[in-house]
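Remarks on the overall topology
What follows is each chain in one-letter form.
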Amino acid sequence: MPTTDDLKNLDRLDQAVLGAGVLAFILSFFHVFTASASGPGALLVSGLLGKAHATAWHGWGFFGMLLVLAATALAAGRLFAPASLPKLPVGINLLTLALSGLGLLLLVIEWLTNIKSSSAGGIKISSHLGIAGYLLLLVVLAQAAAAYLLFKKSGEVVPDFKAMQANRATGAGTPPPPVYGGSPTTPATYPPATTPAGDYTLDDSTPPPPPV
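Residues numbered from 1 in each chain as written. Predicted model: local features only at pLDDT ≥ 70, side-chain atom pairs only at ≥ 80, totals over all residues. Heavy atoms only, no water.

1. Concerning empty space enclosed by the protein
Tallied over the entire structure, the rule returns two cavities of 30 Å³ or more. Estimates place the volume of the largest cavity at around 50 Å³. What lines the largest cavity is simply V32, F33, A56, L107, W111, L129, G133, L136 and L137. Elements with a minimum of two residues in the lining of the largest cavity: α5 (92-113) and α6 (131-154). Broken down by element, the residue count for the lining of the largest cavity peaks at three residues, all from α6. Taken together, the residues that form the lining of the largest cavity break down as eight nonpolar, one polar and no charged. In this structure, the second largest cavity encloses a volume near 40 Å³. Taken together, V17, A75, R78, N93, T96, L97, A147 and L150 make up the full set of residues lining the second largest cavity. Within the residue set of the lining of the second largest cavity, elements represented by two or more residues are α4 (60-80), α5 and α6. For the lining of the second largest cavity, the element with the most residues is α5, which contributes three residues. (1 Å grid on protein atoms, 1.4 Å probe; cavity = no way out; pocket = protein on both sides within 12 Å on 5 of 7 lines; lining within 4 Å. Points joined across faces, edges and corners; volume = space filled by probe spheres on them. Helix = DSSP H or I, 4+ residues; strand = E, 2+ residues; numbered from the N terminus. Nonpolar A, V, L, I, M, F, W, Y, C, P; charged D, E, K, R; others polar.)

Okay, structure coming up:
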């Protein structure tokens, strides 16, 4: 478990990613979405709408918060337990940026889909982001910005997925699989052994007559 000194010694951008993730988790349980009424009799309706609010944990916001927390956990693992992280096809900082950015996008989508208003009897009822909702979006935006700066600082590059897919399709760089049931490999041939001078043990021909 990291200590306070460990957190203080971290890079400012790392502190921003971790701190924003923790703060976003706390804000997600407040009144992120609220409903309000305006017009004649709005006070009475507002009393009836006293509990008309929602946290970030529903709809697209639920998945958005999961991604934000995953980005925070991945950044913490990179800092405090790098050996426990699995081998990934992309860089850790790039993946943290992708998770945080996608989480922000889903939260914005949930916000846009909850902007609704209706009128009845001269009373207008609307649902919108609450103060906690605006703070949540700003905090997640700050996390995504810090993750982007960390990615640029780390020197990681975006992998060429098209080239990787092409190599996988053509089998480039992959050794051919063994062929079962085929003809055995022909053993390597070596030059025939030569008979030393004066040695006729390997020669069936008649030896020459001795010199006179």
